[in-house]
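Structural overview
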Amino acid sequence: MENEKESEILKKAEDFLKVFKKGEEFTHDLLVTNEKLRYRAIQLEDEVNSLKRTANMPADIAKMEQTIHQLEQEKKNLLNKFKNVEEENKDFASRYVEVEEENNNLANLYVASYQLHSTLDYQEVIRIVLEVLLNLVGADRCAILLKEEGTSDMVVVASEGMQTFNFKKVKLGDGIIGKAGQTGESHFVTDLKNFSSDDPLFPIVCIPLKIKEHILGVISVFALLEQKKEKLTRIDYELFSMLAGHAATAIFSSKLYSQSERKLSTVQGFINLLSGREE
Amino acid sequence: MSQQYSFLVVEDSPTMRQLVTFSLKRISNAKIVEATDGVDALKKMSEEKFHLIIADINMPLMDGLKLLSIIRKDPVYASIPVIIVTTEGAEVDKDKGLKLGANAYLTKPIQTNALLSKVKELLSMEGT
């Protein structure tokens, strides 16, 4: 009887322990769930804060968009300025080339003019005219013809590269050279590429040597140097134009000077003779 | 004060000599000496040092090519840059000049600015 009671109590105790253990497990589960919920609550709090911050974004975006717009405008302005500066640069570069070309032309004209008027010696003036034609124009074959007093001819007084041609004189009015010498009008062959002539009566260039309307003779160019065969340039025409006037004046002055020198020497001879002095 | 450059212009034509001299005067502080042929040039070279020589080919007494070969063979003058300025425009003449040691070969009629830029290029090449 007593044993039965004892076993009943033990059974009850075991049942109680089982219930207690279940209670413990339940409490443990509750604690874990609680922990998870607290963690989730913190996460949600963070999300809420983050959302609150995002709520100000449109204003920031608008500000940023405005900045982008301003920067784009500035970029556009800078690009325009850059384009303008580039155009100015190109303009300066082309003007620089023009100025350099003009400088070159002026240097050529200055030197030619200076040389022509640097002497009163007739032979030297003639040599200088040939030098200008050879060195500054690039003539390979050329000749200077002057009117012969008392005749209607122009005679060759100097030439370059014309040794093989029997070219001594031209009648006024005959051919290109004769006409230039008579009318005072220049002759230029413009299409040099298709021009080829070994005939001294058909020059590339023929310019009259004129002092106002008085024609002294002509300068004729029959061939140009290999490197000049393409075309005549602006400076060539300017040099020809300058030569037409300045070479004529220089030749005329030197001729007058040599004549006056001869006359002076004759007069001096007479004076010496009359006064009984010896030279 | 900028460095002084000495140039020797060897040319028998007074017109070309004046044109070359006139162009070189655009270089500040340039000293230009003129010679009428190769013999005259060698005499002037023995008297003073030049930074650059500009020489024609066709000249009396001694032509530009002979002068150039003498310059290149002489250790005293060999390093001086030489520009040939001539009427001889054929490729064969140009090759001849360059093979003899010319630093540049320009044909007449010259563009003064082209000559000037070649001179400047050669002077900076020499580091003078």
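As the structure is a prediction and not an experimental result, all values here were calculated from the model. (Residues numbered from 1 in each chain as written. Chains lettered and ligands numbered in written order. Predicted model: local features only at pLDDT ≥ 70, side-chain atom pairs only at ≥ 80, totals over all residues. Heavy atoms only, no water.)

Before going further, it helps to examine the overall build of chain B. Regarding its fold elements, chain B presents five helices and five strands. Its helices and strands in sequence order give chain B the pattern β-α-β-α-β-α-β-α-β-α, from N to C terminus. Relative to its length of 128 residues, chain B is compact, with a C-alpha radius of gyration of 13 Å against a globular reference of 14 Å. Projecting the C-alpha coordinates of chain B onto the three principal axes gives extents of approximately 40 × 30 × 25 Å. Within the span of chain B, comprising 128 residues, buried residues form 49% of the whole. The contacts in chain B between residues at least 6 apart in sequence include a share of 63% that link residues at least 24 apart. On chain B, the mean spot of the 16 positive side-chain charges and the mean spot of the 16 negative ones are 4 Å from each other. (Helix = DSSP H or I, 4+ residues; strand = E, 2+ residues; numbered from the N terminus. Rg over C-alpha atoms; globule rule 2.2 N^0.38 Å. Buried < 20%, exposed > 50% of the residue type's maximum accessible area, 1.4 Å probe, protein only. Contact = heavy atoms within 4.5 Å. Lys, Arg positive; Asp, Glu negative; His and termini not counted. Charge placed at Lys NZ, Arg CZ, Asp CG, Glu CD.)

Time to look at the confidence of the model for chain B. Residues and elements named next belong to chain B. Overall, the predicted model of chain B reaches an average pLDDT of 91, with 96% of residues at or above 70. Mean pLDDT across the elements of chain B bottoms out in helix H5 (residues 112–126) (85) and peaks in strand E3 (residues 52–55) (96). Interface confidence for the predicted complex, expressed as ipTM, amounts to 0.85; the pTM equals 0.74. (pLDDT = per-residue confidence, 0-100.)

What follows is about the interface of chain B and chain A. Accessible area lost when the parts come together is the quantity often used to give the size of an interface. The interface is formed by 18 residues belonging to chain B together with 21 residues belonging to chain A. Between chain B and chain A, a total of about 1,700 Å² is buried, with carbon and sulfur atoms accounting for 54% of that surface. Arg26 of chain B is paired through a salt bridge with Glu100 of chain A; the nearest N and O atoms lie 2.8 Å apart. Here chain B is connected to chain A by ten residue pairs in polar contact (both at pLDDT 80 or more). (Buried area = accessible area lost by both parts, 1.4 Å probe. Salt bridge = Lys/Arg side-chain N within 4 Å of Asp/Glu carboxyl O. Polar contact = N/O pair within 3.5 Å; in protein donor to acceptor, adjacent residues only side chain to side chain.)

For chain A, the assigned domains read domain 1 (1–45) and domain 2 (117–266). One C-alpha centre belongs to domain 1 of chain A, the other to domain 2 of chain A, and the line joining them spans 134 Å. (Domains from an automatic or database assignment.)

Take the nonpolar core next. Formed by 60 residues in total, the largest nonpolar core has its most connected members in Leu133 of chain A together with Ile83 and Val119 of chain B. If you tally residues by element for this core, the top one is helix H3 (residues 122–137) of chain A, at ten residues. Other than its neighbours up to four places away in sequence, Ile83 of chain B contacts Leu52, Ile53, Ile54, Ala55, Ala104, Leu106, Leu115, Lys118, Val119 and Leu122 of chain B. Ranked by size, the runner-up nonpolar core spans 22 residues in total, among them Val10, Ile53, Ile57 and Leu68 of chain B. (Core = buried A, V, L, I, M, F, W, Y, C linked by side-chain atoms within 4.5 Å.)

Residues and elements named next belong to chain A. On inspection of all chains with the given rule, the structure shows six aromatic pairs over all chains. Relative to Tyr114, the ring of Tyr110 has its centre 5.8 Å away and its plane inclined at 40°; by these criteria the two rings are tilted. Of this pair, Tyr110 and Tyr114 are both found in helix H2 (residues 57–116), four residues apart, which corresponds to roughly one turn of the helix. With centroids separated by 5.8 Å and ring planes inclined at 45°, the aromatic side chains of Phe188 and Phe240 adopt a geometry described as tilted. Here Phe188 is found in strand E4 (residues 187–188), whereas its partner Phe240 is found in helix H5 (residues 234–274), with 52 residues between them in sequence. (Phe/Tyr/Trp six-rings, centres within 6.5 Å; stacked < 30°, edge-to-face > 60°.)

Residue and element names in this part refer to chain A. In this structure the tally under the stated criterion is 16 salt bridges over all chains. For the salt bridge of Glu124 with Arg127, the shortest nitrogen-to-oxygen distance reads 3.5 Å. Separated by three residues within a single helix, Glu124 and Arg127 lie in helix H3, roughly one turn from each other. On the basis of relative accessible area, Arg127 is assigned to the partly exposed category, the value being 31%. Its salt-bridge partner being Lys169, residue Asp153 comes within 3.7 Å of it at the nearest N-O pair.

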